[in-house]
Amino acid sequence: MHTVLVIGGGYAGVMAANRLAAAPGNASGGKKKTRVTMITQSPDFVERIRLHELAAGSAASVSRSLTSMLHPDVKVIVSRVLSIDPDASLANYEGEDSETQQFSYDYLVYAVGSGNARDDELSTGTLEGAERVRTEIAALRAGTTRIVEVVGGGLTGIETSAEIAAQHPSLEVRLVTRGRIAPSVSVQARNRLLKSLHRLGVATHESIENETAIPRQSADLTVNCTGFQIPTLARDSGLPVDDSNRLLVDASLRLMGSPTNVSNIFGAGDAARVVDPGYEFMRPGCVTALPMGAHAADEILRSINNLSAHAHSAGYVFQCISLGRRRGVVQFVRSNDAPKILVLSGALGAWVKEWICTQTVAWPLGESRKGGSYSWPAGPQKSAVFPTAPALR
């Protein structure tokens, strides 16, 4: 039996753990090929794509018990991994009384995800950050005009500003960004999106190229939605990473740096970057993390069975943006995430967005019941086959 360690209990980690534990021949009563253990810092699974709802107060909770999301054969250790020793195939983690414990693995899935840009900033990038924003909004004194400024014109900033404005119409909400708001969508989608924001009362401020910034009154509350930070675990462990601390993996999601391609470490989700020009289109988020987690699990099973490694192939269908609970914009895209002409908006856009949100929970749950049930659209790159990677003992 092969021991697989999954580090991280987010979308990629849960998908990988379930796909491994529920793989054919691995079900209870059958001949097991893998023993799956997950080490994660929280006992809960967080729906990160709903954190803006929690921050605005339109959702009471976005968490659920991690064990309720996992196959019953997946063992969960709630702790923090301190370092990884790739040569010895060991992970060091905090045990009881802060004593360092060691976990020996045959294969490892690195799926630590991403978090706030800075711990001291208010943000909707993590559960703790969203809860702080919610508390700060509730503390704003009623009866006077209060300004909430959301910084960042990407999808997170747009959804956060819209949700706060819809939930708290007495607040003055501003969306501020360097460059364009929603630069990833078409002009048509952007116009519909801006129209909905303005209808909600969100004032938008863009700083284009060398234009002088528009003077603004100082905000009572500032929410940072400019980007996420990747944990430094891989870098601290001496593993190859990029400037953003993302683990460098090849097209099969194996750790880079092994000329024989027999590394037993795989990366998935926001904390991994595929080093191949054919994968530069891949964006952070659960829409990328879920297929990566599933593919990492498949590659481990292929390695165990002495089968050739396959390149990861995943593409996109649309970008979904919620604008409060009643409206949304859905931008249909090509597999490489380039926008198409087709755009949905209004109530229909909100319905599609909500359906996608529910599926990001349903897909990994379904995988825990039937391994291999989850599938995804193929990417624009051609499929590649690598030399057979023998199972690591």
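Residues numbered from 1 in each chain as written. Predicted model: local features only at pLDDT ≥ 70, side-chain atom pairs only at ≥ 80, totals over all residues. Heavy atoms only, no water.

## Notes on the overall build of the chain
Helix and strand content of the chain: 9 helices and 23 strands. Taking all 393 residues of the chain together, 53% fall into the buried category. Long-range contacts, defined as pairs at least 24 residues apart, comprise 69% of the intrachain contacts of the chain with a sequence gap of at least 6. With an accessible surface of roughly 17600 Å², the chain has 50% of that area assigned to carbon and sulfur atoms. (Helix = DSSP H or I, 4+ residues; strand = E, 2+ residues; numbered from the N terminus. Buried < 20%, exposed > 50% of the residue type's maximum accessible area, 1.4 Å probe, protein only. Contact = heavy atoms within 4.5 Å. Areas by Shrake-Rupley, 256 points an atom, 1.4 Å probe, with all protein chains shown as cover.)

## Let's talk about the side chain of arginine 19
Relative to the helices and strands, arginine 19 resides in helix 1 (residues 11-21). Since its relative accessible area comes to 7%, arginine 19 is described here as buried.

## Overview of helix 4 (residues 127-139)
Helix length check: helix 4, at 13 residues, gives a terminal C-alpha distance of 19 Å against a target of 18 Å (1.5 Å per residue), a fit within 8%. Of all the positions in helix 4, only Leu127, Gly129, Ala130, Val133 and Ile137 are classed as buried. Taken end-on, helix 4 shows its buried residues confined to a sector of 165°, consistent with a single buried face. Turned more than 90 degrees off the buried face of helix 4, the exposed positions are Glu128, Thr135, Ala138 and Ala139. (Expected span 1.5 Å × (residues − 1). Arc of directions from axis to C-beta.)

## What about the confidence of the model for the chain?
Confidence in the prediction of the chain, expressed as mean pLDDT, is 88, and 89% of residues score 70 or more. Confidence scores differ between elements of the chain, with strand 23 (residues 385-388) showing the lowest mean pLDDT of 50 and strand 9 (residues 107-110) the highest of 97. Residue range residues 388-393 is modelled with pLDDT below 50. Its contacts to residues more than four positions away, or to other chains, number 25 contacts. (pLDDT = per-residue confidence, 0-100.)

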